[in-house]
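Examination of the molecular architecture
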Amino acid sequence: MQDHDWEDLLQDIEEQRAVLLLGQGLLPNAYEELRNVLQEKLNPQLLYFYPRDGLFLFSNGDAKTKALQEAARFYRRYKPEEGALRKIVEMPFRLMVSANPDKALVDAFTRYRLPLQFDYFSSNHKEYEYKLERPSADKPLLYNLCGSVEDYQSLILDYEDLFKLLKNVLADIGIPTELRSPLLKTTTYIFIGFHFERWYTQLFL
């Protein structure tokens, strides 16, 4: 990047016109490790894993329910690298959107005693309803686009879950105003850890 590009970027961050988007790369090898866990727990009810999209195929609804519960437990235990979390905590973004279901970043803000609002998307009835304020640099918002470990039915594990998510997001259903409003004023998007080769990532963009 040229000097003026960096200046524009820093100015957008300072003036709260930048959004940080966190992809699956923030949890390195998580999908492969989750696949191993589910294969051990569900075999032979886990029929297939699609490595390109990070999605699974289950034999029936009971198998999927068990998989969702196991996935929530897995992501609650999975810890990203602390140095990466700390750098994100130090960044003055008012809005962060994560494609991961974990709450490691929430825990990091708590450890450093910094304020953070949190919410998540679910195509189903949400287990938790958070009261949100307009996000700011002093009270930022982290929004988990692909569910939350605290609500296993919100997780995205197969193509059915993904299609429900796409349908609702593209129709602007279930997206809180506190998320929508800052996005309308955003001019800069900063991506960390995204797999751009995945077709649904490009569709979200």
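Residues numbered from 1 in each chain as written. Predicted model: local features only at pLDDT ≥ 70, side-chain atom pairs only at ≥ 80, totals over all residues. Heavy atoms only, no water.

1. Points about the nonpolar core
Ranked by size, the top nonpolar core spans 22 residues in total, and within it Leu-34, Leu-38, Phe-56, Phe-58, Tyr-75 and Leu-157 carry the most contacts. For this core, the secondary structure elements donating two or more residues are α2 (30–42), β2 (46–50), β3 (55–58) and α3 (61–77). By residue number, the principal contributor to this core is α3, which donates seven residues. (Core = buried A, V, L, I, M, F, W, Y, C linked by side-chain atoms within 4.5 Å. Buried < 20%, exposed > 50% of the residue type's maximum accessible area, 1.4 Å probe, protein only. Helix = DSSP H or I, 4+ residues; strand = E, 2+ residues; numbered from the N terminus.)

2. Some words on helix α6 (residues 159–170)
When the terminal C-alpha atoms of α6 are compared, their 16 Å separation across 12 residues agrees well with the 16 Å that a helix rising 1.5 Å per residue should span. With a side-chain oxygen lying 3.2 Å from the backbone nitrogen of Glu-160, the N-terminal cap of α6 falls on Asp-158. Directly beyond the C-terminal end of α6, a positive phi value near 60° is found at Asp-172. (Expected span 1.5 Å × (residues − 1). Polar contact = N/O pair within 3.5 Å; in protein donor to acceptor, adjacent residues only side chain to side chain.)

3. As for the side chain of Gln-16
Positionally, Gln-16 belongs in the loop between α1 (3–14) and β1 (18–22). Residue contacts for Gln-16: discarding those within four places in its chain leaves Pro-92, Phe-93, Arg-94, Ser-136 and Ala-137. (Contact = heavy atoms within 4.5 Å.)

4. Here's the deal with the pairing of β1
Taking burial as the measure, the five residues of β1 include five buried ones, the bulk of the element. Both faces of β1 are covered, namely the face carrying Ala-18, Leu-20 and Leu-22 and the face carrying Val-19 and Leu-21. Where β1 and strand β7 (residues 188–192) come together, five bridges link them in parallel fashion. By the bridge assignment, Val-19 is partnered in β7 with Tyr-189. Judged from the three bridges that link them, β1 and strand β4 (residues 95–98) form a sheet pairing that is parallel. Bridge pairing in β4 links Leu-20 to Met-96. (Pairing = 2+ DSSP bridges.)

5. Re the packing of aromatic side chains
A complete count under the given rule lists 11 aromatic pairs for this structure. With a centroid separation of 4.8 Å and an interplanar angle of 45°, the aromatic rings of Phe-49 and Phe-56 are classed as tilted. Of the residues examined, Phe-49 reaches a relative accessible area of 9% and is grouped as buried. Taking 6.5 Å as the distance between ring centres and 25° as the angle between the ring planes, the aromatic pair formed by Phe-118 and Tyr-120 counts as stacked. (Phe/Tyr/Trp six-rings, centres within 6.5 Å; stacked < 30°, edge-to-face > 60°.)

6. As for the pattern of salt bridges
As enumerated under the stated definition, the model contains 13 salt bridges in all. Here Glu-160 and Lys-64 are joined by a salt bridge, their closest N and O atoms 3.5 Å apart. Of this pair, Glu-160 sits in helix α6 while Lys-64 sits in helix α3, and the two are 96 residues apart along the sequence. Here Lys-64 falls in the buried class, since its relative accessible area comes to 13%. (Salt bridge = Lys/Arg side-chain N within 4 Å of Asp/Glu carboxyl O.)

Read these as layout, nothing more, since geometry by itself doesn't imply function.
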